[in-house]
Amino acid sequence: MSKQSKFKGLQFYDSSMHETAQRNLTLEDDIRHGIENHEFIPVFQPKVELETGVVIGAEALARWRRPDGAVVSPGVFVPKAEEMGLIPQMGASILRDACVQAAKWDFNGHKPRLAVNVSPLQFEDPNFFSIVEEILEESGLAPELLELELTETAAVDNPERVAKIMRPLRAKGVRFAIDDFGTGHSNFTTVTRLPFDVFKIDQQFVRAHGSDPHAPAIIEMILAMAEALGQETVAEGVETQEHYEFLRRRACTIGQGYFFSPPLPAHEFEEFVRHWRAPSLTKKMA
Ligand code: C2E
Ligand code: MG
Ligand code: MG
Ligand code: MG
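Since the model is a prediction, treat every value here as computed from it, not as a measurement.

**Q** Looking at this model, I keep getting lost on the packing of aromatic side chains. Mind explaining?
**A** Two numbers describe a pair of aromatic rings. These are the distance of the centres and the angle of the planes. Counted according to the given criterion, the structure contains 14 aromatic pairs. Ring centres of Trp 64 and Phe 77 lie 6.1 Å apart, and the angle between their planes is 85°; this geometry places the pair in the edge-to-face category. Taken together, the positions of Trp 64 in strand S2 (residues 55–65) and Phe 77 in helix H2 (residues 74–83) put the pair 13 residues apart, joining distant regions of the chain. As far as the burial class goes, Trp 64 and Phe 77 line up, both buried. Considering the side-chain rings of Phe 123 and Phe 176, the 6.3 Å spacing of their centres and the 80° angle between planes classify their relative orientation as edge-to-face. In this pair, Phe 123 sits in helix H4 (residues 120–123) while Phe 176 sits in strand S6 (residues 175–181), placing the two residues 53 residues apart along the sequence. For Phe 176, a relative accessible area of 0% translates into the label buried. Through successive ring pairs, a cluster of aromatic residues spans Tyr 244, Phe 259, Phe 260, Phe 272 and Trp 276.

Structure below.
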């Protein structure tokens, strides 16, 4: 590259910039059409209560099913939809679909809970409360079964405003989880003042268990804090028997990860719950 003339280099740069711009434009158009065509749908990842082995709920995770059959992950389209100002609309559509599904779940009287991710821009939309209220009414899902996940960064950015938006929803029975906990910059005071019901320990700490000597200490600190505050804990990224047993031994409430199941389309989630058997423990745990 460095041997090429400046002119050639520039020309190359120009055309690639043009291509990037083209791609972005196409992506934006595709997202707009995708929302109209109902291409953004939730899949459901089981959440397992570690002590009992019961599938106590699921987290809805957005997927973009494109007309050509390709499935796009939220890491690609959520930031783009946020940038385009379309996240309140997209988020409401996913929340509605997920609530409609979850309202149908009944496994011999056991009703799994539903957790849904909420973007800060969606959360701060002035219509957020009435949208959630309307979706709960339309779907018939009990508000107590709905849990909204906000990332730690979003939650601590403006704790007063966040608490104010949470209050009327909590009054209806909706629960709140603080997602990706441990990756932000929250301090004890802020975190203890925010009315969260659940801490979700970020998967990087769970995954580092066994390789990074500090990971267990961080996990235990979060578990101790949550216990002192009377809050539930969910460990994300549970991938191995070792992760499972460590978290269970340390009384983490709930586990979520590939060790139990990847996120599943709604009908597969239902099959999963019907055929589920709690993983057995190795001798040293039993
Ligand atoms: P998140 O809420 O922290 O979700 C957990 C992510 O970890 C999901 O990725 C899930 O598929 C993945 N995961 C689950 N178990 C394991 C495991 O054992 N190992 C590993 N390595 N990964 C695991 P996904 O579905 O790609 O979602 C990524 C992020 O996109 C989510 O992180 C969430 O922040 C955001 N997102 C997903 N759906 C929505 C949505 O409907 N609305 C908004 N605003 N954001 C969403
Ligand atoms: Mg989440
Ligand atoms: Mg997370
Ligand atoms: Mg995450």
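Having seen the model, we can carry on.
**Q** Sorry if this is basic, but what is going on with the coordination of the magnesium ion (ligand 2) here?
**A** Tetrahedral coordination by four donors places them ideally at 109.5 degrees to one another around the metal; octahedral coordination by six donors ideally gives 90 or 180 degrees. On the protein side, the magnesium ion (ligand 2) has Glu 59 (OE), Asn 117 (OD1), Glu 149 (OE) and Asp 179 (OD) as donor atoms, found 2.0 to 2.2 Å from it. Coordination of the magnesium ion (ligand 2) draws on donor residues from a single chain, spaced E-x57-N-x31-E-x29-D in sequence. The metal-metal distance between the magnesium ion (ligand 2) and the magnesium ion (ligand 3) is 4.1 Å, with Asp 179 serving as a donor to both. Linking Glu 149 in strand S5 (residues 146–151) with Asp 179 in strand S6, this pair joins segments that are 30 residues apart in sequence. Note on accessibility: Glu 149 and Asp 179 belong to one class, buried.

**Q** Looking at this structure, how should I read empty space enclosed by the protein?
**A** Vacant regions in the atomic arrangement are exposed by a probe of water-molecule size rolled over the atoms. As enumerated under the stated definition, the model contains one cavity of 30 Å³ or more in all. Here the largest cavity is characterised by a volume of approximately 50 Å³. Every residue along the wall of the largest cavity is listed here: Pro 88, Ala 92, Leu 95, Gln 122, Asp 125, Phe 128 and Ile 131. Elements represented by at least two residues in the lining of the largest cavity include exactly helix H3 (87–104) and helix H5 (128–139). The element that contributes the greatest number of residues to the lining of the largest cavity is H3, accounting for three residues. The residue inventory of the lining of the largest cavity, partitioned by class, reads five nonpolar, one polar and one charged.

**Q** Can you help me understand the environment of Arg 96 in this one?
**A** Among the structural elements, Arg 96 can be located in helix H3. Here the alpha-carbon distance between Arg 96 and Ile 131, two residues 35 residues apart in the chain, equals 9.3 Å. The contacts of Arg 96, once residues within four sequence positions are left out, are Glu 134, Ile 135 and Glu 138.

The rules we used
Residues numbered from 1 in each chain as written. Chains lettered and ligands numbered in written order. Predicted model: local features only at pLDDT ≥ 70, side-chain atom pairs only at ≥ 80, totals over all residues. Heavy atoms only, no water. Phe/Tyr/Trp six-rings, centres within 6.5 Å; stacked < 30°, edge-to-face > 60°. Helix = DSSP H or I, 4+ residues; strand = E, 2+ residues; numbered from the N terminus. Buried < 20%, exposed > 50% of the residue type's maximum accessible area, 1.4 Å probe, protein only. Donors = N, O, S within 2.8 Å, 3.2 Å for Na, K, Ca; no water. 1 Å grid on protein atoms, 1.4 Å probe; cavity = no way out; pocket = protein on both sides within 12 Å on 5 of 7 lines; lining within 4 Å. Points joined across faces, edges and corners; volume = space filled by probe spheres on them. Nonpolar A, V, L, I, M, F, W, Y, C, P; charged D, E, K, R; others polar. Contact = heavy atoms within 4.5 Å.

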